[in-house]
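A look at the structure
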Amino acid sequence: MRRFLALALLLLGAVSTAAAQRVRVEATLENGTNRPRVRTINLFDDPQWREAIASSYPIRLNYQLDLWRSRFLFAENLNSRKWAFVISRQAVLDVYTLTTIIAGREPIVERFASLNDLRLRIEMPLPISGVGPSRDGTFWYSLKLGISTLSADEFSEFERYLQGNSGGGGGGIGAALLRMALPKESLVAETARFTVGGRP
Amino acid sequence: MTPTRLVLLATLMLAPPLAAQDPVGIDFSRPAADSSRRREIPDSVLVRAMAHYNDPSTTRVSGNVELPLGNVWRGTQALHRGQLRIDGRVEGDLLVINGDVRITGSGVVTGSVTVLGGRILVDGGGTVGGAQVEYPETAPLTLTPDGRLIRQAPRRSLTDFTSASRTFTWRNFETTLRADPGSYNRVEGFPLEFGPSIVWHRNEQSRLILDLVGIVRTASDPTESRRTLGWRGRLAVMRNGQHPMTIGLRGGSVIAPVADQPYQTIESGLGAFLLRRDWRDWYAMRSIGVFADLTLRPTLHLSAGVDQSRERTVSAVDAFSLLRGNEAWRPNPLVDDGKYLTFSASATLDTRDDRRRPTSGWYLRSDVRYVTSDELTPATLPQEIRTAMPTSNYDALEMDLDLRRYQRLGPEQSLHVRLTGGGWLAGNRLTIQRRRAMNGTDPLAGYGFRFVNCDRRRRPDPALPALCDRQLAVQVEYRRTLDLNLSSRIGNTTVGLQRPDLVIFGDAGSAWLAGSGAGRVPSNRIQSIAEWRSDIGVGLDVGTFGVYVAKALADPEPIRFGLRVTRRF
């Protein structure tokens, strides 16, 4: 009996360890405001993504944040915002880069000397501005994250895009990167509901 | 959070290790940047870089290179396409073309460091004696086979992959030679299209475009109803600014599809080439006209045109198809030959989040056409289909409408609704090439091709022409992404099913003859809903293609299976 208990505990431990290693995404509201915050956790604890980045395979994270309003029959989707992160490692320089892609904007490239620095940046809660409701009602945000790797061709295009050779912020590979890729992993999260104005 | 992580986090926030340009966070309230303001590498810098690189005394390397600690390079060093890590010492200047350089804490460069198409990273302790010049934009330079650095012609865009093209630039003129297979059909075979597109960039605000396309038809026509060669062209002035506008002339001698066009162009071409099923009818058109396009907002587009055309019947020929080569092609129906003057206007509102795979937003397209003719030779149709047509003083007003709503119901599900229709509004009856039908598969997946085509003759035309005055259809579909991954990666290519969409749909629609008389629907009404055809079905859309099964609700039609290489709508 004791052996069964030990085995069960061991299995539970294994399961919980495995669960802890899965990438997660969180969508929360900032304290005292209706501003959403997005957090991606354990990305590099997941062996498939850790190995991909170690092997210099670029990783793409496609985010889609939707604002929903409670309605009688079904919820109303008020707006939908997309952005993407592309994480890559330049093996020779031993530098990690995080590129933020937003439609119509110049890409933002951040560089990190170690994976740990990059992990801290990725796991920091990311406040999202300019997406809030402009009317009264009960609302919430839903977040969809698709994670995939970039093929060699896509990465070549992506590098050219970064260097301004593929049509600027809105078109070409930039727009393609903002579209949800066929993800290897797809995660969703929702914030708590909040009310704006006196009448829900 | 442990103290160590807190210290690391604070360090990151206060002084990010390697230049985080923006504070953490995403602000969608900021206006979009003007991408045209990207900093280009000045011509003088490119010229200097080429001179340095091509100088015989320069040491040239390419690819990923490391200079280890304790090693010394002397003289000017140049790297093309790659990454350079300097742990050692460079006594001289350093030039990197389309690559990055990192000078580590032990690295020293006594001269200047110039990076075109990349970035310079200097760690704490790293030394650069001279100037640091950095242009992240790709340097438009390339190597010749003998290793000289020269200017590069502009690169093709991603959308050009379906056609072969080559672009040459001379001063402000950009010439693109293009070749495209066109859409396969039973009248032309492959209409091979080729020709130049010349763009004169007059200034930042305007450009002049001349497109000339020659067409070679691969299938021979023993009836000589059309020529082997065709052409089309366009001369236009484009003006940028807050409301981009294009005005121009257009013309051509082409084989054009009639108004009734089930399926997308690519599906029609594939059906004809592979299965000997050409879902469109064709006529020969020679035309010349003027047009104007105006973009009022990124989501709102208006256009108008006036065209004079000569239109006439062409025959289906014995074009090749991969399968069913022994079957005869469906004949190409007669059209009303004549010389037409067409005034057209269209408006498009498109607020969809993604044009390829939309999940939210509106799409509205409306076209109105006023067609006149003083030289008309109409084909004979029975009175119960069309009243007698004049041979001069002909005029008719018609319109098309396509209204769609994409409504997201959740992160993985959405509801799509479409109202589509078109046809006669006023004036004389429509010519055959402008008439409609209610088509199976697209939009009604549960029915066959031109299930309602208004051909009331005792012996219907085997060409199955679309002969209705009006057509209207409603489509509703619910999509849910399935968390299903049946794929594997072979090299860089993913093969298999990845998160397909389950599609549950219903369609209803009809086509009818308008006017007074038996079997016609009064002009100011639509056909009674009770007489509409309807179907329900289910499908699986994997992105590149979708498979569907549908059943007609009222008619004893068999269950129909369909394969689409584009979205239903």
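This section reports on the structure supplied with the text. (Residues numbered from 1 in each chain as written. Chains lettered and ligands numbered in written order. Predicted model: local features only at pLDDT ≥ 70, side-chain atom pairs only at ≥ 80, totals over all residues. Heavy atoms only, no water.)

1. Regarding the side chain of T176(B)
All names here are of chain B. Note the following rule: Secondary structure counts use DSSP, requiring at least four H or I residues in a row for a helix and at least two E residues in a row for a strand, with both numbered from the N terminus. The classification of residues rests on relative accessible area computed with a 1.4 Å probe and restricted to protein chains. Under 20% of the type maximum is buried, over 50% is exposed, and intermediate values are partly exposed. Here, residues are in contact when the closest pair of their heavy atoms is within 4.5 Å.
Considering the arrangement of structural elements, one finds T176 in strand β16 (residues 173-180). Since its relative accessible area comes to 9%, T176 is described here as buried. Those residues in contact with T176 that sit more than four places away from it in its chain are S165, R166, T167, G195, P196 and S197.

2. Focus on the sheet that holds strand β1 (residues 26-27) of chain B
How we decide: A pair of strands is labelled paired if DSSP reports no fewer than 2 bridges between them.
Ordered by their spatial adjacency, four strands build an open sheet running β1(A)-β2(A)-β7(A)-β1(B), and the pairing between neighbours is mixed. Of all the strands in the sheet, the pair left with one neighbour each is β1 (24-29) of chain A together with β1 of chain B. As paired strands, β1(A) and strand β2 (residues 36-41) of chain A are joined by six bridges and run antiparallel to one another. Looking across to β2(A), one finds that E26(A) is bridged to R39(A).

3. Side note on a nonpolar patch on the surface
How we decide: Like-charged residues within 9 Å of one another, or nonpolar side chains (Val, Leu, Ile, Met, Phe, Trp, Tyr) within 5 Å, are grouped into patches, provided each residue has over 30% relative accessible area and no salt bridge. In these tables, accessible area is a Shrake-Rupley quantity obtained with a 1.4 Å probe, and a residue counts as shielded only by the protein chains included in the view. Any carboxyl oxygen of Asp or Glu within 4 Å of a side-chain nitrogen of Lys or Arg constitutes a salt bridge here.
There is a patch of nonpolar side chains on the surface, built from I266(B), L270(B), L274(B), L275(B), F320(B), L322(B), L323(B), F545(B), V547(B), L563(B) and V565(B) and spanning about 950 Å² of accessible area. With four residues, helix α3 (residues 265-275) of chain B is the largest single contributor of residues to the nonpolar patch.

4. Things to note about helix α2 (residues 47-54) of chain A
All names here are of chain A. Using the following cut-off: Directions drawn from the helix axis to the C-beta atoms are what define this arc.
Of the residues making up α2, those classed as buried are W49, A52 and I53. The buried residues of α2 all sit within an arc of 90 degrees when viewed along its axis, so they share a single face. Where α2 is buried, its residues meet β3 (59-69), β4 (76-90), β5 (95-101), α3 (115-123), β8 (137-149) and β9 (185-190). Backbone geometry just downstream of α2 places S56 in the positive-phi region, at approximately 65 degrees.

5. Some words on α3(B)
Residues and elements named next belong to chain B. Buried residues of α3: E267, S268, G269, G271 and A272, and no others. Buried residues in α3 make contact with β33 (560-564). Taken from the residues just after α3, R276 is the one with a positive phi, measuring 60 degrees.

6. Overview of empty space enclosed by the protein
Residues and elements named next belong to chain B. Rules: Cavity means a closed set of points on a 1 Å grid over the protein atoms alone, one where a 1.4 Å probe fits but cannot get out, pocket means an open set with protein on both sides within 12 Å along at least 5 of 7 lines, and lining means a residue has an atom within 4 Å of a point. Grid points are joined across faces, edges and corners, and a volume is the space filled by probe spheres set on the points. Note that Gly is not counted as nonpolar here; it falls among the polar residues with everything else outside the nonpolar set of Ala, Val, Leu, Ile, Met, Phe, Trp, Tyr, Cys and Pro and the charged set of Asp, Glu, Lys and Arg.
In total, this model carries three cavities of 30 Å³ or more according to the counting rule given. Reported here for the second largest cavity is a volume of approximately 70 Å³. Around the second largest cavity, the lining residues are V258, D281, W282, P333, L334, V335, I432, Q433, R435, P465 and A466. Class assignment of the residues belonging to the lining of the second largest cavity gives a composition of eight nonpolar, one polar and two charged.

7. A look at the environment of D46(A)
All names here are of chain A. Tracing the backbone through its elements, the reader meets D46 in the loop between β2 and α2. With relative accessibility at 5%, the residue D46 sits in the buried group. A sequence separation of 22 residues divides D46 from R24, and the C-alpha atoms of the two residues are 9.8 Å apart.

8. Some remarks on the state of the cysteines
Residue and element names in this part refer to chain B. Keep this limit in mind: We call a pair of cysteine sulfur atoms a disulfide whenever their separation is within 2.5 Å.
Scanning all chains against the criterion turns up one disulfide over all chains. With a sulfur-sulfur separation of 1.9 Å, C454 is cross-linked through a disulfide to C468. Across the S-S bond linking C454 and C468, the dihedral sits near 100 degrees, which makes this disulfide right-handed. One end of the pair, C454, is in the loop between β26 (413-427) and β27 (470-481); the other, C468, is in the loop between β26 and β27, with 14 residues separating them in the sequence.

9. Quick notes on the packing of aromatic side chains
Residue and element names in this part refer to chain B. Keep this limit in mind: Note on ring pairs: Phe, Tyr and Trp rings are taken, using the six-membered ring of Trp, and paired if centres are within 6.5 Å. Classes follow the plane angle, with under 30 degrees stacked, over 60 edge-to-face and the rest tilted. Over a ring means this: the NZ of a Lys or the CZ of an Arg is within 6 Å of the ring centre and within 35 degrees of the ring normal.
Within this structure, the stated rule accounts for 17 aromatic pairs over all chains. Arranged with centres 6.1 Å apart and planes meeting at 25 degrees, the rings of W170 and F173 form a pair that is stacked. Relative to F449, the ring of W279 lies with its centre 5.2 Å away and its plane at 55 degrees, an arrangement referred to as tilted. Placement of W279 in the loop between α3 and β21 (282-297) and of F449 in the loop between β26 and β27 is noted, with a sequence separation of 170 residues between them. This pair shows no difference in class: W279 is buried, exactly as F449 is. A network of ring pairs unites the aromatic residues Y184, F190, F273 and F320 as a single cluster. Sitting over the ring of W200, R202 keeps its end group 5.7 Å from the ring centre. Of note, R568 hangs over the ring of F505, and the distance from its end group to the ring centre comes to 4.0 Å.

10. Some details on the pairing of β26(B)
All names here are of chain B. Relative to β26, strand β25 (residues 394-410) is paired through 14 bridges, and the arrangement is antiparallel. When the sheet's bridge partners are listed, E398 is paired in β26 with W424. Sheet topology note: the β26/β27 ladder contains eleven bridges and is antiparallel. Each bridged residue has a counterpart across the sheet, and for L415 the counterpart in β27 is Y478.

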